[in-house]
Structures are given as C-alpha cells and as structure tokens.
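Structural description and commentary
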Amino acid sequence: MTDELRNEYDVVVVGGGAAGLNGALVLARSRRSVGVVDAGAPRNAPATGVHGLLAREGMPPGELLERGRAEVRSYGGSVVDGEVVTAARDGDGLTVGLADGRTTRARRLLVTTGLVDELPDVPGLRERWGRDVLHCPYCHGWEVRDQPIGVLACGPMAVHQALLFRQLSADVTLFAHTQPAPIGEQAEQLAALGIPVVTGEVAGLELADDRLVGVRLADGSVVERRAVAVQSRMVARAGFLAGLGLTPVPHPSGMGEHLAADAAGRSDVPGIWVAGNVTDLAAQVGAAAAAGAFAAAQVNADLVAEDTRRAVAASHEPLVV
C-alpha cells in the first residue's frame, strides 16, 4: 500500500526508516501535513530482527516499519514509495524531485535517508552481511555469544571492536588483514584478554551448508570462525542535497561521512533538518527513532514561529473596505 504524492506539504520527510517514521508521526500528531518519501532500502534489511529496542525486541525490521507506516497514516500522514533524487530552493520553500519524474513542494525537509555501509573488498563479506558478518555487538552480539568470533581490522576502531566482542565470547581473534598489527597499549590489552592477532591478508570466507565456518588467509590457511565482525565505512545517503550545497563531511570518529547538524538536527541549509544515521553514524534503531522525534518537534516549532510572524504581519495590514 502506498499513498499518492500530493503537490505540497508542510514537511516532506525523505527516508522511511525509524527516524523518518517517528519524525513523521510527531509532525502528523501536531496536525502538520507531512509526506514520507521512502526508497524502500533500509540499512537493516538483511537482519532477522531488531535488537535493543524496548518492547520490540527481536521484531523483524520489515514488520517494525509496516507498523510505523500504519501509525503515521492513522494521523493523516502520507507514506509514498519513491526515491528523492533532487532538492532545490523554491521561493520560501523547497521542491524535491523523485526518480520517476514526480515532484512535490515542502516548507521544510526532514532528511532521514540513513547511510551506506562500505565493506572491505573481501569476497563473501557483502553476501553474509547482517547474517554472520556483523558490525555491532549491541545489535547482533547476543546471537553469536560463546561462538568463535573473528574481528577483521579495517579501520581505527578494530581493537575497540575486538574488546567489545570479547565480552560476549572467550574465543575472539583479531585479523590484522591489511592493517599493521597492534602495538603498545593496544597489544597489551589484547594479550591480557586472550585475543590472538593473526597477521596476513584475509582472502575470503569459508562456508558450509550456507553457514560461515572459517576465515581464509591469502596463504591458504583457514582459521575456524562462526562469525566475523567488520567495521564498515559508513557514508550518509545524501547525494540529492548537493545542489543545495549540503554534502557529507568526515565524521569526527573517523568512521565515515555524515551530514553535520546542530543538537536540534538543524543543518547549515535553511529549512533542512536531519536525523538518524544520516548524521549520527552509530545510532541504533531506538536512538534514530528518538532523534527523528526530537528533530520533528524542532521543525514544528520553527513552522509555528513562521506562522505566528505571518499572522502578526497580517494583523498590522490596513483593512480594505
């Protein structure tokens, strides 16, 4: 089920994940006309369930989104299938264009398009992503507890990631891959917790009966593992905003690129707010939903201020008899 795209809204929410739908819910309950445009490619689609979200633990991601869409619609909001590919200034508002040629106008935009996980060029990683190739111990760690876990070093957070997964299993191995082996304090930490470091480039994954059974090195040797943790490079999905001068910038953590915003979710471009993984790369589903709600409240307050200014200005105009 999808709704028709209207010609104009108070707010267009670009992206229909947890942040976007929760933001749209808040706006619709504030009696704003709101349209969610969703490309249907959620980051967590490969996952079997959402974890760490109170009262929704283990719920399939698709079911969570379907419930959210229904709640938005119940308050008069629209949820439209489509990919936004352009955004442009249009007087005192903004116009967005979809890939199929449709357009709509909005007084404000709330961008919640999430991010893309860029993985190392190792055969098999993408295919197993969200199954037994993981990234977050809080999202997936319980499901691989007490199993042999490998951590593939591919960025500055590799040792930290190994320490986090060590909390969940006594059998954790760090694969240095193309990174230098840890030295100094990091090497001491790994040794103290019994985390061996395997040097040498990783060439691929070993599978049996559609299950991960090992990590294969370039020299042909295989280290038995049942799960592999990888720190992806996370890049905000925001190409459609380039025409407005809003582009991803390096995240302070070094983990990728995000859209910068203030604490309220307000971007540097007037009329555009952002929430969720597009700005907070590490946000889990609950945090993204909360950020969407908070940003939506700021958007509504901004519209209230604008509406009030217009009403005051109109009250000062002379009556025409």
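Predicted model only: the values in this text are computed from it and were never measured.

1. Quick notes on the overall build of the protein
Each helix and strand counted, the protein has 7 helices and 19 strands in total. Nonlocal contacts in the protein, meaning residues at least 24 apart in sequence, comprise 58% of its contacts between residues at least 6 apart. Roughly 15400 Å² of accessible area belongs to the protein as shown, and the carbon and sulfur atoms make up 54% of that amount. For the protein, the distance from the average site of its 28 positive side-chain charges to the average site of its 38 negative ones is 5 Å.

2. Section: the domain arrangement of the protein
What the domain assignment lists for the protein is domain 1 (8-117 + 233-316) and domain 2 (120-230). For domain 1 and domain 2, the distance between their C-alpha centroids amounts to 34 Å. The interface is formed by 9 residues belonging to domain 1 together with 10 residues belonging to domain 2. Between domain 1 and domain 2 lies a buried interface of about 790 Å² when both sides are counted; carbon and sulfur atoms form 55% of it. Of all residues in domain 1, His 51, Asp 117 and Gln 284 give up the largest surface area on contact with domain 2, accounting jointly for 50% of the area buried on that side. Seen at the junction of domain 1 and domain 2, the total is 0 salt bridges. Remark: the boundary between domain 1 and domain 2 carries 1 residue pair in polar contact (both at pLDDT 80 or more).

3. Some thoughts on the UniProt feature "domain: FAD/NAD(P)-binding" (unreviewed entry) in the protein
With numbering aligned to this structure, UniProt lists the feature "domain: FAD/NAD(P)-binding" (unreviewed entry) at residues 9-292. The span residues 9-292 carries 21% helix and 30% strand; its end-to-end C-alpha distance comes to 18 Å.

4. Considerations on the pairing of strand β5 (residues 93-98)
The side chains of a regular strand alternate between the sheet's two faces. Counting buried positions over the 6 residues of β5 gives 5, a clear majority of the element. Where β5 lies against strand β6 (residues 103-111), 4 bridges are found, and the strand directions are antiparallel. Bridge pairing in β6 places Val 96 opposite Thr 104. Connecting the antiparallel pair β5 and β6 is a turn made up of 4 residues, with Gly 101 showing a positive phi of about 100°.

5. Quick word on the nonpolar core
The biggest cluster of nonpolar side chains holds 25 residues, and the ones touching the most others in it are Val 12, Leu 109, Leu 241, Leu 259 and Ile 272. Listed by contribution, the elements that provide at least two residues to this core are β1 (8-14), β4 (84-90), β5, β6 and β19 (272-274). Setting aside residues no more than four positions away along its own chain, Leu 241 makes contact with Ala 87, Val 111, Leu 246, Leu 259 and Ile 272. Judged by nonpolar contacts, the second largest core, of 22 residues, contains Leu 25, Val 34, Leu 65 and Val 79.

6. Re the packing of aromatic side chains
One pass over the full model with this rule turns up 0 aromatic pairs. Above the face of the Trp 142 ring, Arg 145 is positioned so that its terminal group lies 4.0 Å from the ring centre.

7. Observations regarding the sheet that holds strand β10 (residues 172-175)
With parallel pairing, the 5 strands of this open sheet are ordered in space as β8-β15-β9-β10-β11. At either end of the open sheet lies a strand with only one pairing partner, and these are β8 (133-134) and β11 (197-198). As paired elements, strand β9 (residues 149-152) and β10 share 4 bridges and run parallel to each other. Residue pairing for β10: Ile 149 is matched across the bridge by Val 172. On the sheet, helix α5 (residues 158-166) packs against β9, β10 and β15 (227-230) and is oriented at approximately 170° with respect to β10.

8. Regarding unusual backbone geometry
Here Asp 146, not a glycine, exhibits a phi torsion of approximately 65°, which is positive. Take Asp 146: it is sitting in the loop between α4 (137-140) and β9. Assessed through its relative accessible area of 66%, Asp 146 is described here as exposed. Its identity as a non-glycine residue notwithstanding, Asp 210 has a phi of 60°, on the positive side. Along the chain, Asp 210 falls in the loop between β12 (202-208) and β13 (211-217).

9. A few points about the environment of Val 116
Inspection of the secondary structure puts Val 116 in strand β7 (residues 115-118). Along the sequence, Val 116 and Arg 73 sit 43 residues apart, while their C-alpha atoms lie 28 Å from each other. If we skip the residues at most four places from it in the chain, Val 116 touches Arg 233, Met 234, Val 235 and Arg 237.

10. Digging into the sheet that holds β7
The sheet built from 4 strands is open, its strands ordered β7-β16-β18-β17 with mixed pairing. The open sheet has two edge strands with one neighbour each: β7 and β17 (249-250). When β7 meets strand β16 (residues 233-236), the two strands line up antiparallel, connected through 4 bridges. Across the sheet, Leu 115 pairs through a bridge with Ala 236, a residue of β16.

Calculation notes
- Residues numbered from 1 in each chain as written.
- Predicted model: local features only at pLDDT ≥ 70, side-chain atom pairs only at ≥ 80, totals over all residues.
- Heavy atoms only, no water.
- Helix = DSSP H or I, 4+ residues; strand = E, 2+ residues; numbered from the N terminus.
- Contact = heavy atoms within 4.5 Å.
- Areas by Shrake-Rupley, 256 points an atom, 1.4 Å probe, with all protein chains shown as cover.
- Lys, Arg positive; Asp, Glu negative; His and termini not counted.
- Charge placed at Lys NZ, Arg CZ, Asp CG, Glu CD.
- Domains from an automatic or database assignment.
- Buried area = accessible area lost by both parts, 1.4 Å probe.
- Salt bridge = Lys/Arg side-chain N within 4 Å of Asp/Glu carboxyl O.
- Polar contact = N/O pair within 3.5 Å; in protein donor to acceptor, adjacent residues only side chain to side chain.
- UniProt positions renumbered as here; feature names shortened; annotations may be inferred.
- Buried < 20%, exposed > 50% of the residue type's maximum accessible area, 1.4 Å probe, protein only.
- Pairing = 2+ DSSP bridges.
- Core = buried A, V, L, I, M, F, W, Y, C linked by side-chain atoms within 4.5 Å.
- Phe/Tyr/Trp six-rings, centres within 6.5 Å; stacked < 30°, edge-to-face > 60°.
- Lys NZ or Arg CZ within 6 Å of the ring centre and 35° of its normal.
- Axes fitted to C-alpha atoms, helices over the stretch in contact; angles between N-to-C directions.

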